[in-house]
Amino acid sequence: MPTEKEPWLQLDLRDRMEVTAVATQGRYDSSDWVSSYMLLYSDTGRAWKQYRQEDGVGRLPGNMNSEAVVQNKLSHSIRTRFLRLLPLDWNPSGWLGLRVEVYGCAYKSYVADFDGRSSLLYRFNQKSMSTVKDVVSLRFKSRQAEGVLLHGEGQRGDYITLELHRGRLALYLNLDERGSLWGDLNTVAVSLGSLLDDQHWHSVLIERFNKQVNLTVDSHTQHFRTKGEGDSLEVDYELSFGGIPLPGKPGTFIRKNFHGCIENLYYNGINIIDLAKRRKPQIYSVGNVTFSCSEPQQAAATFLSSSASFLSLPATVAAAAAAVAGGTGGAFSLRFQFRTWNADGLLLSVRLAPEPQRVELQISGSRLRLTLHTSAQQKSQVSTGEGLNDGLWHSVTLDTQNHQISLSLDNEPASTVELGERLDAVDHVYLGGCPSSTSTSYCENPTTAFQGCMRLIVINGRPTSLHDVQHGLLGNYNGLSFDMCAIHDRCLPNLCEHGGQCSQSWSSFHCDCSGTGYSGATCHNSLYESSCEAYKLTGSSSGYYSIDPDGSGPLGPARVYCNMTEDKVWTVLDHSSSAPVRVQGSSPQKPYIMRFNYSASPEQLRAIVTGSEQCQQEVVYRCKKSRLFNAWDGTPMSWWLDQAGERRTYWGGFLPGVQQCSCGLQENCQDMNYFCNCDADVNKWSNDTGVLSYKEHLPVSQIVIGDTNRTGSEAVYQVGALRCYGDKSTWNAASFYQESSYLHFPTLQAELGSDISFYFKTSAPSGVFLENLGLKDFIRVELTPSAVAFSFDVGNGPVVLTVKSHVPLNDRQWHYVRAERGVQEASLQVDQLPLRFLEAPADAHVRLQLNSQLFVGGTASRQRGFLGCIRTLAINGVHFNLEERARMTPGVSSGCPGYCSGSSSLCHNRGRCIEKSSGYVCDCSQSAYGGPSCREGGPTLSYSKGFFRGSLSRGQSTWDSISSRARENVAFSFLTSQRPAMLLSVSTFSQQYIAVILATNGTFHLHHHHLQPFICSHSFRAEHAKPFCVHSHRYDPGLQITDAAVRQAGLKGFIGCLSSVQFNHIAPLKAALLNRGSSLVSVRGQLVESNCGVLADSKVSETVDRGKEPLRNASQSNSAVIGGEFSDRRVVKALNCQNQSPVK
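The rules behind the values
- Residue numbers run consecutively from 1 along every chain, following the written order of its sequence.
- Local features in this predicted model are restricted to residues whose pLDDT is 70 or higher, and side-chain atom pairs enter the listing and the counts only when it is 80 or higher, whereas totals over whole chains, interfaces and linings include all residues.
- With hydrogens and water stripped out, all remaining heavy atoms of the structure feed into the side-chain values.
- Numbering of helices and strands runs from the N terminus, with a helix taken as a DSSP run of H or I at least four residues long and a strand as a DSSP run of E at least two residues long.
- Throughout, exposure labels follow a simple rule: accessible area from a 1.4 Å probe, protein chains only, divided by the maximum for the residue type, with under 20% read as buried, over 50% as exposed, and the rest as partly exposed.
- For this analysis, residues touch if any pair of their heavy atoms sits within 4.5 Å.
- Residue-level accessible areas treat just the shown protein chains as cover; the underlying method is Shrake-Rupley with a 1.4 Å probe.
- Arc, as used here, means the arc of the directions from the helix axis to the C-beta atoms.
- Here, a strand pair is defined by DSSP locating no fewer than two bridges between the strands.
- To obtain an axis, a line is fitted to C-alpha atoms, over the contacting stretch when the element is a helix, and the angle between two such axes runs from 0 to 180 degrees between their N-to-C directions.
- To qualify as a nonpolar core, a set must consist of buried Ala, Val, Leu, Ile, Met, Phe, Trp, Tyr and Cys residues joined through side-chain atoms within 4.5 Å.
- Salt bridge, as used here, is a side-chain nitrogen of Lys or Arg placed within 4 Å of a carboxyl oxygen of Asp or Glu.
- Here a polar contact is recorded for every N or O atom pair within 3.5 Å, except that within protein the pair must consist of a potential hydrogen donor and a potential acceptor, and residues adjacent in sequence are included only if both atoms are side-chain atoms.
- Aromatic pairing here means that ring centres of Phe, Tyr or Trp (its six-membered ring) are within 6.5 Å. Orientation follows from the plane angle: under 30 degrees is stacked, over 60 is edge-to-face, and everything else is tilted.
- Whether a charge sits over a ring depends on NZ of Lys or CZ of Arg being within 6 Å of the ring centre and within 35 degrees of the ring normal.
- Cysteine sulfur atoms are paired as a disulfide whenever they fall within 2.5 Å.
- As a per-residue quantity, pLDDT reports the predictor's confidence and falls between 0 and 100.

What to know about the overall build of the protein chain
Regarding its fold elements, the protein chain presents 12 helices and 82 strands. Counting every position in the protein chain, which comprises 1144 residues, the buried fraction comes to 53%. For the protein chain, the proportion of contacts with a sequence separation of at least 24, taken over those separated by at least 6, is 70%. Surface exposure of the protein chain reaches about 50,400 Å², of which carbon and sulfur atoms provide 49%.

Written out as structure tokens, the structure reads:
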């Protein structure tokens, strides 16, 4: 064993057993032990599979000394005869030493072998079988990626089909829905599993009760609801296993049948294989079904490294053997199969005579490409296939006979390259890559070596024995693993959240978040703010926004209107029927019913209402001879349904539980004998309009009107939009006064990922913000002197991310913290400091196992507790009610003292509130505005035939964190009579840019280096020359464009007024005005001060006085007239020069 490239220890259990644990020990009284190992298992001792834990980790911990026993309990048992332990690490001061003990029990198996032309039919005792509950369980291993495992159908239209398709398991199930059976089968109800054609056992369990179905494949379960109107599955005559026989033609099949073995097949408790083996009359066998599993002798090899793996085989020996056997002699042919996840990799390189000709076969861009190099400069190429990195087996045949090279893929028609002469293979065939030695300089990896699996290698008609290769009897190799295909599907389960599309390579996976509204490695982070209140705090103005009420939670964003013109920020949600509606002809027996569909789902509505301080909805109700309540017994004639679908009989302005209207509450009804004006039942129009304000019942989901069927009776109703204000989480705070105090919450549910965000302020230099512990795992966020640390352990050892601040963090000012841990990366953000980022190790543990309570503001040991205030704590989109817990916890109080701790906006337009000993001041350095509250305009300027440019240097690590933002916020106001015009352009060192253009037709074009041009439908009429505001958010879907339009608009220049320019937290126009003469700002042309901003202010005032919606960001702002032609294609490279923050 010490001489082997990959030493291993193999156990033969003599029969298939169910293994539940493996224990190891080092060599007795020595320095020899194995500290980690891989566990492989096999039924035959030839085809092996690696055991992996639930999180995909294949490395098992071993021993730290020679005597202690380390037992690894398997998270899922394995049924096998052979076990193989491959040492990965051992004592560096000793050698390999291993004692092994295996735990398990006997395994009983009923097996049937299907040869691809056979099936078993289970026939019912009656004509049809109707069931409301079904349980089907089986285990299978397949030799191919296609094949039917189970099928049954009925004349009513019911059917059930379980089949392999492209290595995945598909279940089709229909209950009483008539239509084309085979047409319906084109739509998969549910698909699960992957790589199921690996010739290893896989377990399947189908559980159905009425329409609810659970499908489990191995350890993965999918829940779904079946199609159809019925609750029972009605199958006629029989169920077939292994194929779908064609009626009237025994032995023929209308879909590809199964080729492989099935064991322990149970249908509703009936052992199908046992009945077949005992030749019971209920079972009819079609074709050759045997009751032992034949094992194919196909051995595979895995190419492990994308840079160093290769397999070298002699071509001349194979050619000679072919000639002796009567072959063509000298001609070269090669056949093999491969499977991979990688889009690129070298499959074959062989030198041909006469030299220097050679042939390369590679996967390039997921296609198969053959290249014939006839000289150093000349080559011929041909490509075939597509999507070859799908993880499926693909067959390749290469032949150089008849003065041409032919290439065929998966039995498709061959592609050819013509030859001027016959070519012969010279010496060696290199498969999967090239060696690094200089002696094979003609063989070079064009991009990367192949990373994947190969099998059935045949050179010149002679099969290659990988067993001989492994034992040094044939050829040479490096970086290969034999007798197994170690391919692993990293997209099962799909760890991409919120509908992100998972793609993978051999060693990693990638999530495409386009169109999801989320970003990050696993589409975890929402691109949107959680509320209108949060948008206002970023300096935004009134308008339509997407808000994500649960952040990274499952709900998704909702489109709302944010009204920020009042002291309160209102969130407005429209519905499908906002206009007044006249109702006639309805009665209590046949009432008029209107359902309201809102711009958000019921779950989103519930989250928005719950997170708001107050909500209301106006209901306008006018009536003529139409009552709301029966005057005799008080029976409701009309009512409405709340968000939960419950009937409500109180009307606007009154309290729940009382059948009255607002006039009853105010005691001013037209007829004081009634509590609603409409109940007076008079032949003239009456009004019972009011506002519903009990938010737990909002919004109105349905209205029912039932008394408009009498002569002259009618009603008119109008249900207004849902309006909510306040964000209960934004200023939900707790103050910690004792180091031993803390708030406790239930265990954090964050196995695969978590994002933690909060604000804090303190005068203490250190303290733990939050902590949650497990047996070994933990997660913690804490304050250290001038730094915030985020640490965790998911089983790979402790990880610590630290963000250091150049200013003290215990300055009694609010600071923002956001810590995130996922399966691919971890990050820590503190205020505007550079983001700290760390990639997760490959093939390591990813699940965070916690079992204690979550401690906020302290630890379980009551040491190193935090002293100060914490607010707006959210974990995975769930906001924690700190105030409620603080009211019942000693040493902690609800809320936080200080001027800057309330929900009132003391500082506006991105201004930051700074606490002082006797008050507060507003830091306007990151705002386009100035003054005591960041609402006042500053100096203005005008210039002719010029422009200004700002540039600052930024450390590369800092710039990387800025340039990788998934969202950019751009806002400004302008006044112009010119079009087309360049309004704003921002560019980076890496040629990224954002540009806002006013087009000739008056529409806005937003350009970004990774974004298709966005065209705003609002037309700007230049002849009116009114101030207009732009507020834009940029998200990154990753589509490349050219910048010709940007260059053309830049050359046209801009004449007019720009004001309130804001790019993220940068105020470039303000920076230019306050840093005249600085080398960081360059100005071309003559500049003089201007008062064009006064015009903008007057226009805004005029608009407000008329009662119209005020212009966004157009009130009291810094302004400048910018005129002239721009010689640079990027017009304004504007930077924040005030605090020397290096942004370009």
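Some remarks on helix α6 (residues 602–611)
Looking only at α6, the buried set comprises Gln-604, Leu-605, Ile-608 and Val-609. Along α6, the residues classed as buried sweep out an arc of 130° about the axis, all on the same side. Those residues of α6 that are buried lie in contact with β44 (543–547), β45 (558–563), β46 (570–573), β49 (614–624) and β56 (722–725).

Some details on the sheet that holds strand β58 (residues 743–745)
Strand order in the open sheet formed by 6 strands is β58-β67-β60-β61-β62-β63, and the pairing between neighbours is antiparallel. Edge positions in the sheet fall to β58 and β63 (799–804), since each has one partner strand and no second. Recorded for the sheet is a direction-independent mean angle of 15° between the axes of neighbouring strands. Pairing of β58 with strand β67 (residues 854–856), which is carried by 3 bridges, proceeds in the antiparallel orientation. Note that in β67 the partner of Phe-745 across the bridge is Leu-854.

Observations concerning the nonpolar core
Within the largest apolar cluster, 42 residues are counted, with the highest numbers of intra-cluster contacts made by Tyr-621, Leu-628, Trp-651, Tyr-717 and Leu-722. Per-element accounting of this core gives the leading share, 4 residues, to β49. When near neighbours in sequence (up to four residues on either side) are disregarded, Tyr-717 contacts Ser-577, Ala-579, Pro-580, Val-581, Val-583, Tyr-592, Met-594, Phe-596, Val-620, Tyr-621, Ile-703 and Ile-705. Among the nonpolar cores identified, the runner-up in size contains 40 residues, and Leu-150, Ile-160, Leu-215 and Val-289 belong to it.

Quick notes on unusual backbone geometry
One can expect most non-glycine residues to show negative phi and most peptide bonds to be in trans. Here the amide bond leading from Leu-492 into Pro-493 is cis, since omega sits at -5°, within 30 degrees of zero. Inspection of the secondary structure assignment puts Pro-493 in the loop between β39 (480–482) and β40 (501–504). Here the phi dihedral of Asp-410 falls at roughly 50°; this positive angle occurs in a residue that is not glycine. Locating Asp-410 in the fold gives a position in the loop between β33 (404–409) and β34 (415–418). According to the relative accessible area criterion, Asp-410 is partly exposed, its value standing at 28%.

Focus on the pattern of salt bridges
All chains considered together, the criterion is met by 35 salt bridges. With its nearest N and O atoms 3.5 Å apart, the salt bridge here joins Glu-714 to Lys-624. Of this pair, Glu-714 sits in strand β55 (residues 714–719) while Lys-624 is found in strand β49, placing the two residues 90 residues apart along the sequence. No difference in accessibility class separates Glu-714 from Lys-624, as the two residues are buried.

Describing the side chain of His-697
Among the secondary structure elements, His-697 is positioned in the loop between β53 (690–692) and β54 (702–705). Among the polar contacts listed, one links the side chain of His-697 to the side chain of Tyr-650, at a separation of 2.9 Å. In this structure, His-697 is in contact with Trp-640, Asp-642, Gln-643, Arg-648, Tyr-650 and Pro-656, ignoring residues within four places of it in sequence.

What about the packing of aromatic side chains?
The final tally for this structure, using the stated rule, is 25 aromatic pairs. Here Tyr-544 and Tyr-561 contribute two aromatic rings whose centre-to-centre distance is 4.9 Å and whose plane-to-plane angle is 65°, an arrangement assigned as edge-to-face. One end of the pair, Tyr-544, is in strand β44; the other, Tyr-561, is in strand β45, with 17 residues separating them in the sequence. Since its relative accessible area comes to 15%, Tyr-561 is described here as buried. Both rings, one in Trp-570 and one in Tyr-725, keep their centres 4.9 Å apart while their planes meet at 70°; by these two values the pair is edge-to-face. With Trp-570 in strand β46 and Tyr-725 in strand β56, this pair connects stretches of sequence that are 155 residues apart. In terms of burial, Trp-570 and Tyr-725 fall into one category: buried. The ring of Tyr-725 is capped by Lys-568, whose NZ or CZ atom sits 4.1 Å from the centre of that ring. In this structure, Arg-871 packs its charged tip against the face of Trp-814, placed 4.7 Å from the ring centre.

Remarks on the state of the cysteines
Scanning the entire structure with this criterion turns up 13 disulfides. Cys-261 shares a disulfide with Cys-293; S-S distance 2.0 Å. Disulfide Cys-261-Cys-293: torsion about the S-S bond near 95°, hence right-handed. Taken together, the residues Cys-261 in strand β21 (residues 259–267) and Cys-293 in the loop between β24 (289–290) and β25 (300–303) connect sequence positions 32 residues apart.

Observations regarding the pairing of strand β8 (residues 119–131)
Taken residue by residue, a regular strand's side chains alternate between the two faces of the sheet. Of the pairings in the sheet, the one linking β8 to strand β23 (residues 283–286) comprises 4 bridges and is antiparallel in character. From the neighbouring strand, Tyr-122 faces β23, where its bridge partner is Ile-283. One ladder, built from 8 bridges, connects β8 with strand β18 (residues 233–241); its direction is antiparallel. Residue pairing across strands places Leu-121 opposite Ser-240, the latter belonging to β18.

Considerations on the environment of Ile-914
Structurally, Ile-914 is set in strand β71 (residues 912–916). Between the C-alpha atoms of Ile-914 and Trp-814, which are 100 residues apart in sequence, the distance is 8.2 Å.

Let's talk about the confidence of the model for the protein chain
Low pLDDT marks stretches whose predicted atomic positions should not be read closely. When pLDDT is averaged across the protein chain, the result is 81; 80% of the residues are at 70 or more. Confidence over residues 317–329 falls short of pLDDT 50; this stretch has 10 contacts with residues more than four positions distant or in other chains. Residue range residues 1017–1042 is modelled with pLDDT below 50. Its contacts to residues more than four positions away, or to other chains, number 89 contacts.

With respect to the environment of Gln-1062
Considering the arrangement of structural elements, one finds Gln-1062 in strand β80 (residues 1056–1063). Expressed as a C-alpha distance, the spacing of Gln-1062 and Gly-539, which sit 523 residues apart in the sequence, is 9.0 Å.

Remarks on the sheet that holds strand β51 (residues 647–648)
Sheet strands associate in pairs through backbone hydrogen bonding, adopting either a parallel or an antiparallel arrangement. Read from one edge to the other, the open sheet built from 4 strands follows the order β48-β54-β50-β51, with strand pairing classed as antiparallel. If you trace the sheet from one side to the other, it starts and ends with β48 (592–595) and β51, each paired once. In this sheet, β54 lies alongside strand β50 (residues 638–641) in antiparallel orientation, the contact comprising 4 bridges. Within the sheet, the bridge partner assigned to Trp-640 lies in β54 and is Ile-703.

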